[in-house]
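Listed below are the residues making up each chain.
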Amino acid sequence: MAFVGPSGSGKSTALGILTHLYEPQQGAVLFDDQPIARASDESLRAIMTAVPQTPVLFQGTIRENIVIARPSASQSEVEAAARAAAVHDVITALPEGYDTPVGEGGGALSGGQRQRVAIARALLRDAPILVLDEATAALDPASEALVNQSIAALAGRRTVFSVTHRLASVAEFDRIVVFDRGRVVESGRHDALLAAGGLYARLWQKVSSVAVSETSADATITAEGLRAISFFSECRDDTLAHLAERFVSERLPEGRDVFHQGDPGEKFYVIARGRVDVLREAEGGAKRIETLHDGDFFGEIALIKDQPRNATIRTVTDCWFLALHRTSFDQLMAREPGLRERIMRAVAKRSP
Ligand SMILES: Nc1ncnc2c1ncn2[C@@H]1O[C@H](COP(=O)(O)OP(=O)(O)OP(=O)(O)O)[C@@H](O)[C@H]1O
Ligand SMILES: [Mg+2]
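The rules behind the values
Residues numbered from 1 in each chain as written. Chains lettered and ligands numbered in written order. Predicted model: local features only at pLDDT ≥ 70, side-chain atom pairs only at ≥ 80, totals over all residues. Helix = DSSP H or I, 4+ residues; strand = E, 2+ residues; numbered from the N terminus. Rg over C-alpha atoms; globule rule 2.2 N^0.38 Å. Buried ≥ 20, exposed ≤ 12 C-beta atoms within 10 Å, placed from the backbone. Contact = placed C-beta atoms within 7 Å. Axes fitted to C-alpha atoms, helices over the stretch in contact; angles between N-to-C directions. Parallel < 35°, antiparallel > 145°, perpendicular 65-115°, else oblique. Left-handed = near helix turned anticlockwise from the far one by under 90°. Nonpolar A, V, L, I, M, F, W, Y, C, P; charged D, E, K, R; others polar. Near = placed C-beta within 6 Å. Core = buried A, V, L, I, M, F, W, Y, C linked by C-beta atoms within 7 Å. Domains from an automatic or database assignment. Pairing = 2+ DSSP bridges. Arc of directions from axis to C-beta.

Caption draft 1: How the structure looks around the overall build of the chain. Helix and strand counts for the chain stand at 13 helices and 18 strands. A globule of 352 residues ought to have a C-alpha radius of gyration of about 20 Å, and the chain, at 22 Å, matches this closely. Its C-alpha atoms put the chain at 70 × 50 × 45 Å along the principal axes. Residues counted as buried form 38% of the 352 residues belonging to the chain. Contacts in the chain between residues far apart in sequence, at least 24 positions, make up 70% of those at least 6 positions apart.

Written as structure tokens, this is what we have:
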């Protein structure tokens, strides 16, 4: 079962209730007709294992961090789990291999590596229920494809709950539950949800408008994909075809600023892959006002105005962007009466 929906719609909260991290205000979670609220922590741990949105590693070696899931596991079982989590080759390439210390909080590893060690740990445990919260969000396309295969291989044998913004990875799931503002608004199989033309169909259109090649790691956007962006929706086909060609693929590791509040703005960005925080400088430090994902865009004001950035954009995972420079855009804007106003309206709608 997949939980999908916009940022802040309640997916992680639902997983938290499911795994008895929180008590629901109403209703109950049943496992084989037994309320989990009455189960001991030990018996809950025996039936489910979770990979949280920000996995926690403890100080120790990589091997210790994986094997804790099943202390009796042999080295070859640990390696099989690491292979299934697309992290075995990364580990063996390190000078100390499986004996590499992960450092305080896993700090010696990248976010994507930490996430894969946590996935290996969960796969090694092999509990009846596997709960994944954006488990592949920080992974490159090739590693993600491998991990998705490993998860798909559990079908029929294990129950998987997966929260994800990568809708393509759950298209084959038995049931997709769509969240919006703390409520379930749709549920069903991929094809039925697409045909229904609701929120799921809109999210699908957004995420499938962009792609990152598994081999070249270049991001691309199609003319059709651009049409999914509100202010481009009324543009001529040939304008969008030209525009799509002018976007440049850019890649940034986790924890970097794409731009900083107050910087001069020259480019418009579409996120091809990854997650960024939108931060507003405030007294006592920067405050997060939004989180954006695959298919989302930002910085559109730069297309029409030379104006300082009104927020900081920071990458939470490795990110691939499609960037369009104002000079490339200027040449095309003359062909599209009304586009300038449509962008202005989009900007006004976004800023609170
Ligand atoms: N049904 C609900 N009732 C009350 N509060 C809720 C409900 N659903 C979500 N919230 C609140 O909304 C906030 C965001 O929810 P949550 O973190 O679950 O979103 P999410 O869908 O996981 O977002 P993201 O994709 O950014 O991880 C939380 O503070 C949570 O407590
Ligand atoms: Mg969440």
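Caption draft 2: The arrangement of the packing of helix α4 (residues 75–84) against helix α6 (residues 111–125) in detail. Here α4 crosses α6 at 125°, and the two axes come no closer than 8 Å. Here α4 lies oblique to α6, going by the angle between them. Crossing of α4 over α6 shows right-handed handedness. Only Ala120, Leu123 and Leu124 of α6 make contact with α4, whose side of the interface consists of Glu77, Val78, Ala81, Ala82 and Ala84. The residue inventory of the contact of α4 with α6, partitioned by class, reads 7 nonpolar, no polar and 1 charged.

Caption draft 3: Summary view of the site of ligand 1. Close to ligand 1 lie Gly5, Ser7, Gly8, Ser9, Gly10, Lys11, Ser12, Thr13, Gln53, Phe179, Gly182 and Thr291, which account for all nearby residues. For the shell around ligand 1, the residue count by class is 1 nonpolar, 10 polar and 1 charged.

Caption draft 4: Representation of the nonpolar core within the structure. By size, the foremost hydrophobic cluster in this structure holds 52 residues, and its most contacted members are Ala85 and Ala120. For this core, the leading source of residues is α6, giving 7 residues. Once you skip the residues sitting within four places of it in the chain, Ala120 turns out to touch Ile66, Ala81, Ala82, Ala85 and Val87. Grouped together as the second largest cluster of nonpolar side chains are 39 residues, Phe232, Val270, Ala272 and Val276 included.

Caption draft 5: Spotlight on the domain arrangement of the chain. One can read the domain layout of the chain as domain 1 (2–207) and domain 2 (211–350). Here the C-alpha centre of domain 2 lies 29 Å away from the C-alpha centre of domain 1. For the side of domain 1 that touches domain 2, the secondary-structure elements that each account for two or more residues are α6, α7 (141–152) and α9 (199–207). For the side of domain 1 that touches domain 2, the per-class residue count stands at 6 nonpolar, 6 polar and 3 charged.

Caption draft 6: A look at the pairing of strand β14 (residues 276–282). Pairing analysis gives 7 bridges linking β14 to strand β15 (residues 285–292), with the strands arranged antiparallel. The partner of Val276 across the bridge, within β15, is Leu292. The turn linking β14 back onto β15 is made up of 2 residues, and Gly284 within it adopts a positive phi angle of 85°. Of the pairings in the sheet, the one linking β14 to strand β17 (residues 312–315) comprises 4 bridges and is antiparallel in character. Along β17, the bridge assignment pairs Val276 with Thr315.

Caption draft 7: Representation of the sheet that holds β14. Strand order in the open sheet formed by 4 strands is β12-β17-β14-β15, with antiparallel pairing between adjacent strands. With partners counted over all chains shown, the strands left at the sheet margins are β12 (257–259) and β15, one partner each. Averaged over all adjacent pairs, the angle separating strand axes in this sheet is 35°, with direction ignored.

Caption draft 8: Quick look at α9. Every buried residue belonging to α9 is among Tyr200, Leu203, Lys206 and Val207, and all of these are buried. Taken around the axis of α9, the buried residues stretch over an arc of 125°, which confines them to a single face. If you follow the buried residues of α9, they end up packed against β1 (2–4), β7 (176–180), β8 (183–188) and α8 (190–196).

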